[in-house]
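# Examination of the molecular architecture
So the chains spell out like this:
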Amino acid sequence: MSRKWVYLFDEIAEAEEVVGGSWDAVRALLGGKGAGLFDMTRAGVSVPPGFTVTTEACNEYQGNGKFPEGMWEQELTALKEVEKRTGKKFGDPANPLFVSCRSGAKFSMPGMMDTVLNIGLTDATADGMIKLTGNPRFVWDSHRRLVEMFGSVVLGISDEAFEKPLAEYKAKKDYKHDIEMTADDWKAMTGIFKTVVKKQKGIDFPQEPLEQLRLATEAVFKSWNGKRAVDYRRATGIPDDLGTAVNIVTMVFGNMGSDSGTGVAFTRDPATGERKMYGDYLLNAQGEDVVAGIRNTEKIEDLAKEMPVVYQQFLDITTKLERHYKEMQDVEFTIERGKLWMLQTRSGKRTAKAAVKIAVDMANEGLISKEEAVLRVTPEQVDTLLHPQFDAKAKQSAELYAKGVNASPGAAVGQVYFDADTAEKMGKEQKQDVVMVRPFTKPDDVHGMIASKGILTSEGGATSHAAVVARQFGIPCVVGAAMVKIDLDKRQMNVDGNVVKEGEWISVDGTTGEAFVGKIPTVAASLEEQTDLLTLLSWADEICARPGIRKGWPERGLQVWANADYPKDARRARSYGAVGIGLCRTEHMFFEPERLPVVQRMILADTSEGRIAALNELLPFQRKDFDGLFEAMNGYPVIIRLIDPPLHEFMPDEEKLFEEVVTMRVKGERKGLAEKEALLVDIKSMHESNPMMGLRGVRLSIVMPEIVEMQVRAIFEAAADCTQRGIVVKPEVMIPLTGTVKELEWIQPRLVRIAATVLKEKGVKKLDYKFGTMIEIPRAAVTAAEIAKLAEFFSFGTNDLTQMTFGYSRDDAERNFLVTYVEEGILPVNPFQTLDREGVGRLMQMAVEEGRKTRPDLEVGICGEHGGDPESIEWCHIIGNHYVSCSPFRVPIARLAAAHVALKYSGKRIAEDK
Ligand code: PEP
Ligand code: MG
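If you're wondering where the values come from, they're calculated on a predicted model, not measured in any experiment.

Okay, the overall build of the protein next. When its secondary structure is counted, the protein shows 37 helices and 33 strands. Considering only C-alpha atoms, the protein reaches an extent of 105 × 70 × 55 Å along its principal axes. Within the protein, the fraction of its 914 residues that count as buried is 56%. Within the protein, residue pairs in contact and separated by at least 24 positions form 68% of the contacts whose partners lie at least 6 positions apart. Just so you have it, the protein exposes about 38,100 Å², and 51% of that area is on carbon and sulfur atoms. In the protein, 116 side chains carry a positive charge and 134 a negative one; their mean positions are 2 Å apart.

Now for the coordination of the magnesium ion (ligand 2). In this structure, E776 (OE) and D800 (OD) serve as the protein donors to the magnesium ion (ligand 2), at separations of 2.1 to 2.2 Å. Residue E776 is located in the loop between β30 (770-775) and α31 (778-782), and its partner D800 is located in helix α33 (residues 798-806); the two are separated by 24 residues in the primary sequence. Per residue, the accessibility class of E776 equals that of D800, and both read buried.

Strands sit in the order β14-β24-β23-β16-β17-β18-β19-β15 across an open sheet of 8 strands; the sheet is mixed. Unpaired on one side and paired on the other, β14 (399-403) and β15 (405-408) mark the two borders of the sheet. For this sheet, the mean inter-axis angle between neighbouring strands, taken without regard to orientation, is 35°. Examined bridge by bridge, strand β16 (residues 411-417) and strand β23 (residues 505-509) share 5 bridges and lie antiparallel to one another. Bridge assignment links A412 to a residue of β23, and that residue is V508.

The next subject is the site of ligand 1. Around ligand 1 sit 14 residues, and of these R585, G797, N799, D800 and R810 come closest. N799 is positioned such that a nitrogen or oxygen atom in its backbone is 2.7 Å from an oxygen atom of ligand 1. Here ligand 1 loses 95% of its free accessible area of 290 Å² to cover by the protein chains. Elements with a contribution of two residues or more to the shell around ligand 1: β27 (581-585) and α33. Counting residues per element, the shell around ligand 1 draws most heavily on α33, at 3 residues. Among the residues making up the shell around ligand 1, the classes are represented as 3 nonpolar, 4 polar and 7 charged.

Thresholds applied
Starting from 1, residues in each chain are numbered consecutively following that chain's sequence as written. Working convention: letters from A go to chains and numbers from 1 go to ligands, in the order in which they are written. Where totals are concerned, whole chains, interfaces and linings use all residues; where local detail is concerned, this predicted model gives features only for residues with pLDDT of at least 70, and gives and counts side-chain atom pairs only at 80 or more. Only hydrogens and water are set aside when side-chain values are computed; all heavy atoms of the structure are taken into account. Counting from the N terminus, the helices are the DSSP runs of H or I reaching at least four residues and the strands are the DSSP runs of E reaching at least two. Classification of residues uses two cut-offs on accessible area relative to the type maximum, computed with a 1.4 Å probe and protein chains only: under 20% is buried, over 50% is exposed, and between them is partly exposed. Here, two residues are considered to be in contact whenever any of their heavy atoms come within 4.5 Å of each other. Note on areas: these come from Shrake-Rupley sampling with a 1.4 Å probe, and a residue is covered only by the protein chains present in the view. In summary, the charge assignment counts Lys and Arg as positive and Asp and Glu as negative, without counting His or the chain termini. Here the site of a charge means atom NZ of a Lys, CZ of an Arg, CG of an Asp or CD of a Glu. Each metal site is built from N, O and S donor atoms within 2.8 Å (3.2 Å for Na, K and Ca), and since water is not included, such sites may look incomplete. DSSP-based pairing: two strands are paired if at least 2 bridges between them are found. Axis lines are fitted through C-alpha atoms, for helices just across the contact stretch, and the angle between N-to-C directions can take any value from 0 to 180 degrees. Consider each residue's heavy atoms; a residue with any of them within 4 Å of a molecule or strand counts as near. Here a polar contact is recorded for every N or O atom pair within 3.5 Å, except that within protein the pair must consist of a potential hydrogen donor and a potential acceptor, and residues adjacent in sequence are included only if both atoms are side-chain atoms. Throughout this entry, Asp, Glu, Lys and Arg are counted as charged residues, while Ala, Val, Leu, Ile, Met, Phe, Trp, Tyr, Cys and Pro are counted as nonpolar. The remaining residues, Gly among them, count as polar.

Have a look at this one:
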């Protein structure tokens, strides 16, 4: 006997046996829609009789271009059984059976594949159907729909070939809408459509119902590889080899009078998650009328008045379905002459807000566990909830201007300004909503960025300065929109002749990487008000904190810390649930307007004394910064990174200064010229061809130790002051860009001495502090056992580690070749966004293992941009990180992602298996 390709709806036990019992495998075999119909049939819910052709048959068809052996015969046998159960006959003019032929893959792909309704309708059976429905207009409308649907889906005739004659017909009759078409009109149209089929394909529209069924089955198989379906699978990650099932279902008619009807409903509100029936219905109508909005639908609760018995049945069934699936259901139903038929049940699509509310409510109702609730919400949904968003409808009609890398999510609307000073002035003084547009940004643009609602750059990638800073401050940002040509002189930008001038409005969608001309309305978001989300995140934290949830060391799940430079960011991080600061980039503090001239003086000083004098001026500022951070993080660790960037970043731009000097010389302006010339010489002397690999990080501290000595003094003075005020302070001093342990041997002991001296001076006897390093150079990872002799903690700086491991410039790669690399499949994803486990990830794993050989209690974290990326967070859990640190705005996302991975690997010993 040939393989079983076709299952009647009541043959679920057979299907389960074939696949070994798992529900997931049943869904894979019968498709989601099919499995739902089978399951409802088993539960005694009234489902119109029918059968399903399996996804396996579809896959065989894709391979051979023909039905697998025995499949069609099995369809015919199943059809006979359906005839028996309905008491109708396929193709019998006196008592015709009609069926629908619907696609249904394992995962729902709404509208992406084909469906043909009213199969069995022919010239001969049309009369029978008129008798059955008493509605000739409907029958002829259905008939012409069948010819049209069949013509386009099965025979591949363009929609236009049908739309044109219909439009001409209506024009001739002076009709505006389809609703004006009478039964005779639709009958005439059916004839016209048949002529279209004949003309285009040289065949008569099949009058043989079985031929219709065979061709429709084949068309559904074919639609699996249609462009729409393939594109959808690419976008959603649904594998190509799943195939679609074909569901052949007896047609039931909701248009048989006022005791018939049809509707669609959700068991909870899919927009808000509220626990109430949500949906629409129409009496004396067919399914399409509800969906197409041709007639005004009624609210589902009104059905209680019209048909109380049916409504009660409906509520009982849907409640049962929801309890059975433990999920909000999206159902389709038809009432045929007072009898309720369920046509579909599946878990309903919902907004992020509804997803959270439904998960929390269902856990509180005892329907699902807290763990299940946490797993039901995706990190992306949390992300969506935390950023203002564009009104979806308004966005659809907005004018797309440019596309780039979606660097920092959220929606921003503002007036365009092309430099940081003007952006700040307009934002702060004029209280304008500003979008700052630059080719790229530098540290001295930060003030303008902070004053902006959104940022757009034409260069740079996901870890460019603009991207990192924007994420840190939660500013929606699109970077690397290469089609935008910015003319800083003319104060305008241009995309293919479409010019936007300074002061004009644009809208930036950092979630999708798009920019639009004009203002798109937004809707706001705040965590404090989202009580369900707060509850869900507290469950996520609870899961991560469970001892033993992770095998290996540490035994608990990941903690989530935040990257924060200023006290107000630290406060926000706390309010978003961060339990530590994983990175404070101290150099940002040097860019404050009153500090920058002192910093420049310090850099330009000829002697150590001169440098120390300037640093002494900076010390009180830094102390105050740290004081504020410690206070905000009372009781939690704060990692402060010592100065990292090359010094030229704090100096005026060399090119600009050169232009100024030349202009002054040409104009003969003497005043101030000598100072500028001297400054230019100094800046030139600092020039490096590869500053990212030059005098920065710990190298700078060794060449010029006075800066970090001041910083360490400021850290410990602030720590001591805070301790004396009763604040619990846990400072961790982080040395950046270490490549060899010798660097630490050189610098760390002097800094430790300063710490001890300060604490002694201040009379503080006990303080919980650490000295550690970033691991962001491959050599540091490889020699981690040595490095850990001094470093009490490691923090992976994966922005630099990715840059140095691949040898890709983090500022240029995305613009130049990374997009191509991803498109060509050379790289699976952008490694600056998602950790490259095989290369960078392996180095991290090695560093953790080696480091812990030397220092078993070594604290390990990550503070590169990957710390907020769910995929990368998973890797951090696997290799045994204590925490991940990310922008405050990503903290809730990371908390959820950390719980997901803890549950995924719960109790498993993972590091060695990977
Ligand atoms: C890193 O390199 O990952 C890091 C956090 O440091 P920065 O981005 O400041 O170089
Ligand atoms: Mg770095």
